[in-house]
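# Architecture at a glance
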Amino acid sequence: MTDFTNRPEKLTLKVKWKELFPTTTSIIVYIIYISLFVNMGLITKAAQKSDPNFSYSSVVLVIEFCKLTVAFLIKLKDCNFNIVQVKNLITNNYRFLCLYCIPAGLYVVYNNLSYVSLKYFNPATYFLFMNFRSVMLGPIYQYFFAKKLSRTQWISLWLLTISCILKQVDFSTSKEPKNSNTPTENFAWYAIVILLIQLISSVLANVYNEFLLKKDNGLDLWTQNLFMYINGFLLNLLFIYFKQFAVEDPKASSDNNYQDAADFKSGAHTNYGIVNFFSQFNFAHYCLIANQVALGISASMLLKYLNSLLKALATAGEMVLSAVTQYLFFAIAVKNGKDYLAFMIGIFSVYIYALNPVKDQKRLSLQTEKVRENGEDAMLLDKKQDEVV
């Protein structure tokens, strides 16, 4: 039997488009994902301008509920609007429902540990560390998919990391006056531990979600999305509820991350219910919610039809397009030469990856079986293997 998993890497300078994007659907999903991610930055900036003190945790909860609603309605339509059939689908696959608690919980940990991390690190240092997610993705991806990354794939991940770090680092020598509310760099050892947990949670959530989406479990994409969003909504709801007990003195802090918990503690949610919950939202917040719902759904489709590595490499496109759109909509121009260098390195990292992208092993094995059924020999099989997506 011919083994294709550890064959020597054949590096050419030609981009392998069919291996990078196997289907038309995959490239459409990828473009939509990057567009929505860039759009998120614009809408978030608009929301902060309209209301600098808006609570993002409340927005996240609404986003999870909307994604759950969309997935439920689509599955209800697939089941001919028979809600009993949807219920049976969930109960008969309760094991997979429980498995999706893992990536959903990891996403909750990642999202909310960012608030904790920013108490110990200033934003520049925090985002600098977070850029190492691309490198951490490599070994975790290899473990779950039992697939050794090639040299060019590793180089592309390192170049992407360098590009993101270069974009974040400030080389200016001017010193700004220190603000008493700004986190210092005299952090304790457990701050590093918290940051590492956040990094691992982010990468592990993406890879494990992809692992479940591509698992041969007989479930379609929207059933898996339904399981994911059920867990995501419930876990975020629990987090916001229990976060009220961690708020000591909301008025003493200028940080608005715990505003929704403070509302719980003051009885705002219980006195006015869902009406008061949405009272802080304006048009920009609703646009942010709609964009994030579409982004979350497109991310699941990206992991289903492509992989976590391409999802990470989308950062390069996001950086460039964000710079362009921020200039067009907010007149924020890129004036630093290092940013242009970061953009070029990011684009080059995508090019390096495109020379030898990760192949879809399921489609690979199907093609192999088809060739063998036709009675073709090993040499012809090797040749077809080089051509297959």
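First, a word on scope: everything that follows refers to the structure included in this document. (Residues numbered from 1 in each chain as written. Predicted model: local features only at pLDDT ≥ 70, side-chain atom pairs only at ≥ 80, totals over all residues. Heavy atoms only, no water.)

## A short note on the overall build of the protein
For the protein, the helix and strand inventory stands at 18 helices and 0 strands. When the 389 residues of the protein are sorted by exposure, 46% land in the buried category. Accessible area of the protein: about 21300 Å², with a carbon and sulfur share of 63%. (Helix = DSSP H or I, 4+ residues; strand = E, 2+ residues; numbered from the N terminus. Buried < 20%, exposed > 50% of the residue type's maximum accessible area, 1.4 Å probe, protein only. Areas by Shrake-Rupley, 256 points an atom, 1.4 Å probe, with all protein chains shown as cover.)

## Points about the packing of aromatic side chains
Taken as a whole, this structure holds 11 aromatic pairs when the rule is applied. Between the aromatic rings of F145 and F211, the centroid separation amounts to 6.1 Å while the plane-to-plane angle is 75°, which identifies the pairing as edge-to-face. Linking F145 in helix α8 (residues 133-145) with F211 in helix α10 (residues 189-213), this pair joins segments that are 66 residues apart in sequence. Residue F211 is classed as partly exposed on the basis of its relative accessible area, which comes to 24%. Feature note: the residues Y141, Y143, F144, F145, Y208 and F211 constitute an aromatic cluster, connected by ring pairs. A cation over a ring is seen here: R95 above F96, with NZ or CZ 5.4 Å from the ring centre. (Phe/Tyr/Trp six-rings, centres within 6.5 Å; stacked < 30°, edge-to-face > 60°. Lys NZ or Arg CZ within 6 Å of the ring centre and 35° of its normal.)

## A short note on unusual backbone geometry
In terms of backbone geometry, most residues other than glycine have negative phi values and most peptide bonds are trans. We note that F81 has phi near 60°; this positive angle belongs to a residue other than glycine. One can find F81 in the loop between α3 (56-78) and α4 (83-92). A relative accessible area of 62% places F81 in the exposed class. Unlike most non-glycine residues, A146 shows phi in positive territory, near 50°.

## What to know about the packing of helix α15 (residues 308-330) against helix α16 (residues 337-355)
The interhelical angle for the contact between α15 and α16, taken along N-to-C directions, is 145°, at an axis separation of 9 Å. Judged by the sense of rotation from one axis to the other, the crossing of α15 with α16 is left-handed. On α16, the residues that touch L309, L310, L313, A316, M319, V320 and A323 of α15 are A342, F343, G346, I347, S349, V350 and Y353. (Axes fitted to C-alpha atoms, helices over the stretch in contact; angles between N-to-C directions. Left-handed = near helix turned anticlockwise from the far one by under 90°. Contact = heavy atoms within 4.5 Å.)

## Things to note about the nonpolar core
Y30 and L309 are the most contacted members of the largest nonpolar core, which totals 68 residues. For this core, the element with the most residues is helix α11 (residues 221-243), which contributes 9 residues. Beyond its immediate sequence surroundings of up to four residues, Y30 is in contact with F21, L302, L306, L310, L313 and A314. If you look at the next biggest cluster of nonpolar residues, it comprises 7 residues, including Y110, Y126, M130 and A191. (Core = buried A, V, L, I, M, F, W, Y, C linked by side-chain atoms within 4.5 Å.)

## Some details on α15
Helix length check: α15 (23 residues) gives 31 Å between terminal C-alpha atoms against 33 Å at 1.5 Å per residue, within 8%. Remark: the principal bend of α15, roughly 25°, maps to G317. You can read the cap of α15 off the contacts: a side-chain oxygen lies 3.0 Å from the backbone nitrogen of L309, and it is on N307. A331 sits one or two positions beyond α15 and adopts a positive phi of about 55°. (Expected span 1.5 Å × (residues − 1). Bend = angle between axes of the 7 residues up to and from the residue. Polar contact = N/O pair within 3.5 Å; in protein donor to acceptor, adjacent residues only side chain to side chain.)

## Here's the deal with α16
Helix length check: α16 (19 residues) gives 28 Å between terminal C-alpha atoms against 27 Å at 1.5 Å per residue, within 8%. Taken as a whole, α16 has its buried residues at K338, D339, A342, F343, I345, G346, S349, I352, Y353, A354 and L355. Those residues of α16 hidden inside the fold are in contact with α1 (17-20), α9 (151-168) and α15. Near the N-terminus of α16, the side chain that reaches the backbone nitrogen of K338, with its oxygen 3.1 Å away, is that of N336.

## Observations concerning the side chain of S156
You can see S156 is positioned in helix α9. Setting aside residues up to four positions removed in sequence, S156 forms contacts with L313, S349, I352 and Y353.

## Let's talk about a nonpolar patch on the surface
A grouping of F129, F132, W158, I192, L196 and I200 is seen on the molecular surface, where their side chains present a nonpolar patch of about 490 Å² in accessible area. Looking at the nonpolar patch, the element that brings in the most residues is α10, giving 3 residues. Here W158 lies in helix α9. (Patch = residues over 30% accessible without salt bridge, like charges linked within 9 Å, V, L, I, M, F, W, Y side chains within 5 Å. Salt bridge = Lys/Arg side-chain N within 4 Å of Asp/Glu carboxyl O.)

## Examining the environment of V86
Secondary-structure assignment places V86 in helix α4. Spatially, the C-alpha atoms of V86 and T223 are 9.3 Å apart, while their sequence positions differ by 137 residues.

## Points about the environment of A323
Topologically, A323 is positioned in helix α15. The class for A323 is buried, based on a relative accessible area of 16%. Distance from A323 to F343, taken between C-alpha atoms, is 9.5 Å for residues 20 residues apart in sequence. In contact with A323, other than residues within four places in its own chain, are I332, V334 and F343.

Distances and angles like these do not, on their own, reveal function.
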